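# Structure at a glance
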Amino acid sequence: MKVKTALLATALTTAAGAAFAQEVTVMSWGGAYTKSQVEAYHKPFTAETGIKIVSVDAGNPATPIKAQVEAGNVSIDVADVEFSDAVRLCDEGLLEEIDLSILPSAPDGTPAEDDFIDGALQDCAVANIVWSTVFAYNTENVSAAPTTIGDFFDTSKIPGKRGLRKSAKATLEMALMADGVPSSEVYEVLDTEEGVDRAFAVLDTIKDDIVWWEAGAQPPQLLADGEVVMSTAYNGRIFNAAIAESQPLEVVWDGQILDFDLFVVPKGAPNKEAAMDFIAFSTDTQRLADQASWISYGPARKSSGDLVGLFSDGTTEMAPHMPTAEANLTNALVNDFEFWVDKDTELNERFNAWLAN
């Protein structure tokens, strides 16, 4: 009996040690964005659970998921992906479904399903932020400050190189808005062959002046180094460069494209249960508000809004820097994720062919 008791105690101790030593690998976009997640999510989660977070960066975290799942060699537990990628990967059976009942209610008891903003909860994904693609400029490198998305594509008015993300998504929408298409009609126009031709015709006018970027950290650096006078960028990256690093960069909100980023769990994730715990923890009201004190992305929960205050510098009010601030929404476009789920492959093939010519 004593031997059995000793063996049982040893087994329990071993199991507890294994649980304590468990790791969760979270793949995100790097730079200031990952830092905001480390501070708001990773460190508090580890402090509360003892589970270590291994942070891995990628140019686009959606990219390795398909390859890993199809190869049966999944190393990612949680990935932060864009809306259209979350829906596409889920439709292809590459993601675990998420039981939304695991998500905590708001502090006032409002169920999570009613507290997240519309569209933020999907079968295989839970949103954490609302962000936007904007364009920005270095105030020291332009003779006249741009004010509209049309100015970005007008090199006769404001000469100099432009930075653009090497992707059809957002690039084509901005080109159409610059050409006078109202934001409410962009996807209707882009859904036609004539509309696609029109967008590429706008890109043709600046093709020789484009510097392409792929990682979110690149646009602020291109602007700071003077390699471009203007660049599209993720709004939070420009905020970080301007406020945290005191770079002379300004955001132009006209023509911004709003989007979600969402947490997903790849099918066959090695630490699925802990991954789900991480998502539930990281998307509660307080954690989402905490992230907004590190970077200017809006929380995906309604109840988080009133908790957003100052930047981590203790002086900068975050509200005016949010893409969802009323003053920043005058000519904003909400990304149509269904459009990109259907058209992503087709339009990127056209885009890559255009790049090669």
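Just so you know, these numbers come straight off a predicted model, no measurement behind them.

## Here we look at the confidence of the model for the protein
- In the predicted model, the protein carries a mean pLDDT of 92, and the fraction of residues at 70 or more is 94%.
- Contacts for the low-pLDDT stretch residues 1–21, under 50 throughout, to residues beyond four places or in other chains number three contacts.

## Some words on the nonpolar core
- Of all hydrophobic cores here, the largest spans 52 residues; its most connected members are I65, V78, F116, V264, F278 and I279.
- Every element with two or more residues in this core is listed here: β1 (23–28), α2 (31–49), α3 (63–71), β3 (78–82), α4 (83–91), β5 (125–138), β9 (249–264) and α12 (272–282).
- Tallying contributions element by element places α12 first for this core, with seven residues.
- If sequence neighbours within four positions are ignored, F116 has contacts with L103, L121, V126, A127, T283, L288, A300, R301 and K302.
- If you look at the next biggest cluster of nonpolar residues, it comprises 37 residues, including F135, A170, V202 and W354.

## Comments concerning the state of the cysteines
- Following the criterion strictly, the structure yields one disulfide and no others.
- Disulfide pairing is shown between C90 and C124; the S-S distance is 2.0 Å. Its torsion about the S-S bond being 45°, the disulfide of C90 and C124 is classed as right-handed. Of the two residues, C90 is situated in helix α4 and C124 in the loop between β4 (121–122) and β5; the sequence distance between them amounts to 34 residues.

## As for the side chain of T316
- Here T316 lies in the loop between β10 (298–299) and β11 (333–334).
- Contacts of T316, omitting those with residues within four sequence positions, involve F239, I243, G309, L310, F311 and H321.

## Focus: the pattern of salt bridges
- Applying the stated criterion across every chain yields a total of 18 salt bridges.
- Salt-bridge contacts for R350 lead to D197; the nearest nitrogen and oxygen are separated by 2.9 Å. Of the two residues, R350 sits in helix α14 (residues 337–356) while D197 sits in helix α9 (residues 193–204), which places them 153 residues apart along the sequence.
- On the accessibility criterion, D197 (35% relative accessible area) is partly exposed.
- E346 is the partner of K343 in a salt bridge, and the nearest nitrogen-oxygen pair spans 3.9 Å. Taken together, the residues K343 and E346, both in helix α14 and three residues apart, mark about one turn of the helix.

## With respect to α14
- With 20 residues, α14 extends 27 Å between its outermost C-alpha atoms, agreeing within 8% with the 28 Å of an ideal straight helix rising 1.5 Å per residue.
- Of all the bends in α14, the greatest, near 65°, is centred on K343.
- Of the surrounding elements, those touching the buried residues of α14 are α4, β6 (162–165), α7 (171–178), α8 (186–190), α9 and β7 (210–213).
- Regarding α14, its N-cap is D336, as a side-chain oxygen of that residue lies 3.2 Å from the backbone nitrogen of E338 further along.

Basis of the calculations
- Residues numbered from 1 in each chain as written.
- Predicted model: local features only at pLDDT ≥ 70, side-chain atom pairs only at ≥ 80, totals over all residues.
- Heavy atoms only, no water.
- pLDDT = per-residue confidence, 0-100.
- Contact = heavy atoms within 4.5 Å.
- Core = buried A, V, L, I, M, F, W, Y, C linked by side-chain atoms within 4.5 Å.
- Buried < 20%, exposed > 50% of the residue type's maximum accessible area, 1.4 Å probe, protein only.
- Helix = DSSP H or I, 4+ residues; strand = E, 2+ residues; numbered from the N terminus.
- Disulfide = S-S within 2.5 Å.
- Salt bridge = Lys/Arg side-chain N within 4 Å of Asp/Glu carboxyl O.
- Expected span 1.5 Å × (residues − 1).
- Bend = angle between axes of the 7 residues up to and from the residue.
- Polar contact = N/O pair within 3.5 Å; in protein donor to acceptor, adjacent residues only side chain to side chain.

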